[in-house]
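Listed here are the chains, written in short residue letters.
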Amino acid sequence: MTRVAVATAFGGPEVLRIIDREVGSPGAGQVLVDVRAIGVNPFDYKVYSGSFGTDESTLPLSLGSEASGVVTAVGPSATGPGGPISVGDEVIVSGVKGAYAEELLVSADSVVPKPSDLTWEAAAGLFAAGGTAFDVLAVTQVSAGDTVLVHGAAGGVGSIVVQLARARGAHVIGTARAINHDALRAYGAEPVEYGDGLLERVRALAAEGVDAAIDTAGTDEAVDASLELVPNKARIVTIVAFGRAEADGFLSVGGNAESGVRRRNARLELVKAAGAGDFTVPIAKTFPLDEVALAHQELQSQHPRGKFILLP
């Protein structure tokens, strides 16, 4: 048996409970992982909020898609993207259902090796944000010499976009609250404040114009500024403002097969980059698994910069 966090009804964080659940032994192509840290993402609370329907036959709802831990058992032919998996391997698990647990029985394909110098917390928060960051940079074809405008640059996805874009040799301008400007400077970006005068502030930092815009904020201000500043709509992408993307004819990613393939294919490259120090995963706060409801409550309000992590 293992302890897992589930949603027992549809609603707010008050519906979350810890229950015991049978885990089982790994079969062919499966591994059992003793979980050390769990990534918390906004999608997790949308699952039980009613955003995707309220079919009570689906209750209780399993939550979470990413974690890190140690392999404790392997089934036959347990080979992942990084090669054969053995007991004792330190790994990162991604793209699974029900990661809010003390133990996970998962497909070997969902497991990649964890770099030894990457913390459990950073590893658990790597792929949801990092995969999205890789995705938006791929579709906008950001490369050396580009000037890139990143909206929501201090957020979980935005901060990794900034770091990876800088690693590619791009000049990055990032929108953020003033309290986060020093952090963006540390990543090598030039920060700008939201609000009136945004266009003028960006233009002052982009003497030769803006080549690409990446929106992780989803506001009309972000979309309008991107459309005004970037001449080629094929180099504007959002991960939030899907309605605006469809109406105004620019790109959006997430929730489609193409994005899923790109993100899964990027896992080993992201792990290598993180292990090499090309980017870090900022951790805002950690919570015991028993405090999952509090973590979700705080995540939906204004909170410190970075990822929330659950600790079993």
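Structure: see above.
Calculation rules
Residues numbered from 1 in each chain as written. Predicted model: local features only at pLDDT ≥ 70, side-chain atom pairs only at ≥ 80, totals over all residues. Heavy atoms only, no water. Core = buried A, V, L, I, M, F, W, Y, C linked by side-chain atoms within 4.5 Å. Buried < 20%, exposed > 50% of the residue type's maximum accessible area, 1.4 Å probe, protein only. Helix = DSSP H or I, 4+ residues; strand = E, 2+ residues; numbered from the N terminus. Contact = heavy atoms within 4.5 Å. Polar contact = N/O pair within 3.5 Å; in protein donor to acceptor, adjacent residues only side chain to side chain. Axes fitted to C-alpha atoms, helices over the stretch in contact; angles between N-to-C directions. Parallel < 35°, antiparallel > 145°, perpendicular 65-115°, else oblique. Nonpolar A, V, L, I, M, F, W, Y, C, P; charged D, E, K, R; others polar. Phe/Tyr/Trp six-rings, centres within 6.5 Å; stacked < 30°, edge-to-face > 60°. Lys NZ or Arg CZ within 6 Å of the ring centre and 35° of its normal.

**Q** Just checking my understanding: could you explain the nonpolar core for this structure?
**A** Buried together is how nonpolar side chains tend to be arranged in soluble globular proteins. In terms of nonpolar packing, the biggest core is built from 41 residues, with L126 and F279 touching the most fellow members. Put simply, the parts of the chain that give this core at least two residues each are helix 2 (120–124), helix 3 (127–139), strand 11 (147–151), helix 4 (156–167), strand 14 (212–215) and helix 10 (267–275). Contacts of F279, omitting those with residues within four sequence positions, involve L126, I160, Q163, L164, L270, A273 and A274. Residues I38, V71, A99 and L289 belong to the second largest nonpolar core, which totals 37 residues.

**Q** Would you explain the side chain of T147 in this entry?
**A** Mapped onto the elements, T147 comes out in strand 11. Judged by relative accessible area, T147 falls into the buried class, the value being 10%. Here H171 takes part through its side chain, which lies 3.4 Å from a polar atom of the side chain of T147. The residues touching T147, leaving out its near neighbours within four places in the chain, are H171, I173, A206, G209, V210, D211 and A212.

**Q** Would you mind going over the packing of helix 3 against helix 10 with me for this structure?
**A** Helix-helix packing is described using two parameters, namely the angle between the two axes and the distance between the axes. Orientation of helix 3 relative to helix 10, taken along the N-to-C sense of each, is 105°, at an axis distance of 10 Å. Classified by the angle their axes make, helix 3 and helix 10 are roughly perpendicular. Every residue of helix 10 that contacts helix 3 at F127, G130, G131 and F134 is listed here: R267, E269, L270 and V271. The residue makeup of the contact of helix 3 with helix 10, split by class, is 4 nonpolar, 2 polar and 2 charged.

**Q** So what exactly am I meant to see when it comes to the packing of aromatic side chains here?
**A** One pair of aromatic rings is described through two measures. These are the centre distance and the angle between the planes. Within this structure, the stated rule accounts for 2 aromatic pairs. Pairing F43 with F52 gives two aromatic rings, centres 5.4 Å apart and planes at 40°, and the pair type is tilted. Across the pair, F52 and F43 agree in class, each one exposed. Ring centres of F287 and F308 lie 5.3 Å apart, and the angle between their planes is 45°; on these two criteria the pair is classed as tilted. Remark: F308 occurs in strand 18 (residues 307–311) and F287 occurs in strand 17 (residues 283–288); sequence separation between them is 21 residues. As far as the burial class goes, F287 and F308 line up, both buried. Between the NZ or CZ atom of K114 and the centre of the ring of W120, over which it lies, the distance is 4.7 Å.

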